[in-house]
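Letter by letter, the chains look like this.
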Amino acid sequence: MVAGFGAYLCWGLFPLFFHALSADSPIEILCHRMIWALVAVSVPLTIRKDWGWIAPLRRNRPELVRTTAAALLIGSNWGIYIWAATHGHVIEAALGYFINPLVVVTMGVVILGERLRVAQWVAVAFGALSVVGVTIAAGTIPWVALVLAFTFAGYGYLKRGTSLTAVQSLAAETAVFAPFALVGLAVFHLLGTARFGGDAGLGGSLMLMAAGPITAIPLVMYAAAARRLPFSLLGLMQYISPMMQFLCGVVVFGETMSSARWFGFAMVWISVIIVGVDLIGRLRSTNSNPNQSTTDLGG
């Protein structure tokens, strides 16, 4: 429980961290995030001498392809989120992470052939209505929210059944991008536009380096929680971070909440309530019937 809450609280506070780096280029921030995240996870791997998984991964072509695809998705997710946090789109990013669980449920039906209960279908319908309503009212597709929702859902799908631990997996995924990130930072320095070690000063440079650990720590905490908590409980906890991000956008950064945005969030919050009520009912049913498996609650 502590690890799960810790992970979602960290993610909920991400807008504050990345907004403080808004003077930097989102691409430069992403490059530093990739490199320093790889450094952060390399430390415990080196201390434990846990590098034996690399050779089997290179020989396992399906696993290698899956890991590379997961890296592309999480890299895209990070890049769009950094851009949103540094360009006044925190609220739309929060909407994306509210929608994400509904996208996961839909993927379960379409890709895995899972069956939904009535409450889940209703929740998905309200989630879809939120996107349609925002698009019609605002006259533009909420692409930040949709890209964040689908890339993170796809990333989660690709992580199913992986043989790597959370630290190993993050090391492999960041290693995919590390060469490109190094080239990108070299270009910034050659053009004289790099802020690391220059205009950013010592404090700004340290914050860019800190992007690695603050990326790695909540992911490891989440992995620890996911192995020990019922997935249904973890599903309810995941709404902590988008709610905190929403509050950061409205209260801290003063982003405008148009009628279209209020409508979209209202629809999503209704879906969250429906899912929560349905989950609580199933938990009570399980408590009254100890023979029922907790895996029946997932989804």
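Keep in mind that this is a model prediction, so the values were computed, not measured. (Residues numbered from 1 in each chain as written. Predicted model: local features only at pLDDT ≥ 70, side-chain atom pairs only at ≥ 80, totals over all residues. Heavy atoms only, no water.)

A look at the nonpolar core
Generally speaking, a soluble globular protein has its nonpolar side chains buried in company with each other.
Line of reasoning, step 1. Membership of the largest hydrophobic core comes to 44 residues, with the highest contact counts inside it found for Phe-18, Trp-53, Tyr-81 and Leu-148.
Line of reasoning, step 2. For this core, the element with the highest residue contribution is helix α5 (residues 61-86), accounting for eight residues.
Line of reasoning, step 3. The contact partners of Tyr-81, leaving out residues within four places of it in the chain, are Trp-11, Phe-14, Pro-15, Phe-18, Ala-93, Tyr-97, Leu-148 and Gln-245.
Line of reasoning, step 4. Ile-99, Val-131, Ala-145 and Phe-246 belong to the second-largest nonpolar core, a separate cluster that totals 18 residues. (Core = buried A, V, L, I, M, F, W, Y, C linked by side-chain atoms within 4.5 Å. Buried < 20%, exposed > 50% of the residue type's maximum accessible area, 1.4 Å probe, protein only. Helix = DSSP H or I, 4+ residues; strand = E, 2+ residues; numbered from the N terminus. Contact = heavy atoms within 4.5 Å.)

Details of the packing of α5 against helix α6 (residues 90-110)
Line of reasoning, step 1. For the pair α5 and α6, the least separation of the axes is 8 Å and the interaxial angle reads 145°. Together, Asn-77, Tyr-81, Ala-84 and Ala-85 of α5 and Val-90, Ala-93 and Tyr-97 of α6 make up the contact between the two elements.
Line of reasoning, step 2. Taken together, the residues of the contact of α5 with α6 sort by class into six nonpolar, one polar and no charged. (Axes fitted to C-alpha atoms, helices over the stretch in contact; angles between N-to-C directions. Nonpolar A, V, L, I, M, F, W, Y, C, P; charged D, E, K, R; others polar.)

What about a nonpolar patch on the surface?
Line of reasoning, step 1. A surface patch of nonpolar side chains, amounting to about 510 Å² of accessible area, comprises Leu-13, Leu-16, Met-243, Leu-247, Val-251 and Val-252.
Line of reasoning, step 2. As for its placement among the helices and strands, Val-252 is situated in helix α13 (residues 240-252). (Patch = residues over 30% accessible without salt bridge, like charges linked within 9 Å, V, L, I, M, F, W, Y side chains within 5 Å. Areas by Shrake-Rupley, 256 points an atom, 1.4 Å probe, with all protein chains shown as cover. Salt bridge = Lys/Arg side-chain N within 4 Å of Asp/Glu carboxyl O.)

Regarding the layout of surface pockets
Line of reasoning, step 1. Estimates place the volume of the second largest pocket at around 200 Å³.
Line of reasoning, step 2. Contributing to the lining of the second largest pocket are 14 residues, with Glu-92, Val-134, Thr-140, Pro-142 and Arg-261 lying nearest its centre.
Line of reasoning, step 3. Elements supplying a minimum of two residues to the lining of the second largest pocket: α6, α7 (118-138) and α14 (259-288).
Line of reasoning, step 4. Across the lining of the second largest pocket, the residue classes tally to nine nonpolar, three polar and two charged. (1 Å grid on protein atoms, 1.4 Å probe; cavity = no way out; pocket = protein on both sides within 12 Å on 5 of 7 lines; lining within 4 Å. Points joined across faces, edges and corners; volume = space filled by probe spheres on them.)

A short note on the packing of helix α1 (residues 2-12) against α13
Line of reasoning, step 1. At a minimum axis separation of 7 Å, α1 and α13 run at an interaxial angle of 25°. In terms of axis orientation, α1 runs roughly parallel to α13. Considering only the axes of α1 and α13, their crossing is right-handed. Where α1 approaches α13, its residues Phe-5, Tyr-8, Leu-9, Trp-11 and Gly-12 are matched on the opposing element by Ile-240, Ser-241, Met-244, Gln-245 and Cys-248. (Parallel < 35°, antiparallel > 145°, perpendicular 65-115°, else oblique. Left-handed = near helix turned anticlockwise from the far one by under 90°.)

Considering the state of the cysteines
Line of reasoning, step 1. Scanning all chains against the criterion turns up zero disulfides.
Line of reasoning, step 2. There is no disulfide at Cys-248, and the cysteine sulfur nearest it, in Cys-10, is 13 Å away. (Disulfide = S-S within 2.5 Å.)

Things to note about the confidence of the model for the protein
Line of reasoning, step 1. On average, the protein scores 84 in pLDDT, and the residues at 70 or more come to 93%.
Line of reasoning, step 2. Averaged pLDDT values over the elements of the protein bottom out at 68 in helix α12 (residues 231-237) and peak at 93 in helix α3 (residues 26-47).
Line of reasoning, step 3. Across residues 292-299 the pLDDT falls below 50, and counting only partners more than four positions away or on other chains, this stretch makes ten contacts in the model. (pLDDT = per-residue confidence, 0-100.)

What to know about the packing of aromatic side chains
Remark: the centre distance and the inter-plane angle together describe each pair of aromatic rings, the angle taken between the planes.
Line of reasoning, step 1. Evaluated as defined, the whole model comprises 18 aromatic pairs.
Line of reasoning, step 2. Centroid distance Trp-83 to Trp-143: 5.5 Å. Interplanar angle 40°. Geometry classified as tilted. Residue Trp-83 is located in helix α5, and its partner Trp-143 is located in helix α8 (residues 143-158); the two are separated by 60 residues in the primary sequence.
Line of reasoning, step 3. Between Phe-246 and Trp-262, the aromatic rings sit 6.2 Å apart at their centres with planes inclined by 75°, giving edge-to-face as the arrangement. Here Trp-262 lies in helix α14 and Phe-246 lies in helix α13, a separation of 16 residues in the sequence. (Phe/Tyr/Trp six-rings, centres within 6.5 Å; stacked < 30°, edge-to-face > 60°.)

A few points about the environment of Gly-276
Line of reasoning, step 1. Position of Gly-276 among the secondary structure elements: in helix α14.
Line of reasoning, step 2. A relative accessible area of 11% places Gly-276 in the buried class.
Line of reasoning, step 3. Between the C-alpha atom of Gly-276 and that of Leu-73, which follows or precedes it by 203 residues, the distance is 28 Å.

Quick notes on the pattern of salt bridges
Line of reasoning, step 1. In the structure shown here, the tally under the stated rule is two salt bridges.
Line of reasoning, step 2. Salt-bridge contacts for Asp-24 lead to Arg-195; the nearest nitrogen and oxygen are separated by 2.0 Å. Of this pair, Asp-24 sits in the loop between α2 (14-19) and α3 while Arg-195 sits in helix α10 (residues 195-199), and the two are 171 residues apart along the sequence.

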